[in-house]
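These are the residues of each chain, in order.
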Amino acid sequence: GALVYQYPRRTICKSGTSMRMECQAVGFQATSVAWYRQSPQKTFELIALSTVNSAIKYEQNFTQEKFPISHPNLSFSSMTVLNAYLEDRGLYLCGARDRGVDERLFFGHGTKLSVL
Amino acid sequence: SQWGEENLQALSIQEGEDVTMNCSYKTYTTVVHWYRQDSGRGPALIILIRSNEREKRSGRLRATLDTSSQSSSLSITAAQCEDTAVYFCAHGGSGNKLIFGTGTLLSVKP
């Protein structure tokens, strides 16, 4: 079956520092990966959509300078939160799509970011 | 409706009852996804319904899609405690984006 592993599950960083999270697709080819941030109230914000062999598209209020993303192959993607502050707290989720299937996203468990 | 609301909605029902959750959307879409998210986990797709399908069933789940009113619903028949989760509708946006609603927290009590 199609699985997405995301790590770390939880991370705590000091204000102003950076942290990197990784997303691994197993059992399918992740032709596109969407990175979301989910608030404690469960609201989703789309950060960016990365498609292999295409430019990464960031949503309004999110930039490459703040959330650089790498999607080097069909099984792996990573995102870094640079200079994290309190407003960056949340559950970061990667959702991967296998274009050979349909439009659904397979999600990992998420990386919960806390900032001190 | 999830996309019309700013906050997570909450529903509490007794085991064995039926429940329906609704979504309405503003932009044209040809497919609506329904996901459930259990505590501490990412969302998982439970039903995907397309514009040429007015209704879709999967076990005790039933989804509808009305493109004329731009709305979708998810019904659970004879809810069980393990149906307790947050349920999200999502629809495709421009450029293959998937836009999530605000979610419905469903609590099924024994």
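The structure under discussion appears in the preceding block.
Conventions adopted
- Residues numbered from 1 in each chain as written.
- Chains lettered and ligands numbered in written order.
- Predicted model: local features only at pLDDT ≥ 70, side-chain atom pairs only at ≥ 80, totals over all residues.
- Heavy atoms only, no water.
- Pairing = 2+ DSSP bridges.
- Helix = DSSP H or I, 4+ residues; strand = E, 2+ residues; numbered from the N terminus.
- Axes fitted to C-alpha atoms, helices over the stretch in contact; angles between N-to-C directions.
- Disulfide = S-S within 2.5 Å.
- Buried < 20%, exposed > 50% of the residue type's maximum accessible area, 1.4 Å probe, protein only.

(A) Summary view of the sheet that holds strand β8 (residues 76-81) of chain A. All names here are of chain A. Ordered in space as β1-β3-β8-β7, the 4 strands form an open sheet in which the pairing is antiparallel. The open sheet is flanked by β1 (3-7) and β7 (69-73), the only strands paired with a single partner. Averaged over all neighbouring strand pairs, the angle between strand axes comes to 15°, with direction disregarded. Both β1 and strand β3 (residues 19-26) contribute to a ladder of 5 bridges, which runs antiparallel. Counted as the bridge partner of Tyr7 is Glu22 from β3.

(B) Representation of the state of the cysteines in the model. Applying the stated criterion to the full structure yields 2 disulfides over all chains. Between the sulfur of A:Cys23 and that of A:Cys94 lies a disulfide, 1.9 Å long from S to S. Disulfide A:Cys23-A:Cys94: the torsion about the S-S bond is 75°, which places it as right-handed. Remark: A:Cys94 occurs in strand β9 (residues 90-97) and A:Cys23 occurs in strand β3; sequence separation between them is 71 residues. Judged by its relative accessible area of 0%, A:Cys94 falls in the buried class. Linked covalently through their sulfurs, B:Cys23 and B:Cys89 form a disulfide whose S-S length is 1.6 Å. One disulfide, between B:Cys23 and B:Cys89, carries an S-S torsion of -90° and so falls in the left-handed class. With B:Cys23 in strand β2 (residues 19-24) and B:Cys89 in strand β8 (residues 85-92), this residue pair connects regions lying 66 residues apart in the sequence. Assessed through its relative accessible area of 1%, B:Cys23 is described here as buried. Judged by its relative accessible area of 0%, B:Cys89 falls in the buried class. Free of any disulfide, A:Cys13 has its nearest cysteine sulfur in A:Cys94, 18 Å distant. Relative accessible area serves as the criterion here: at 7%, A:Cys13 is assigned to the buried category.

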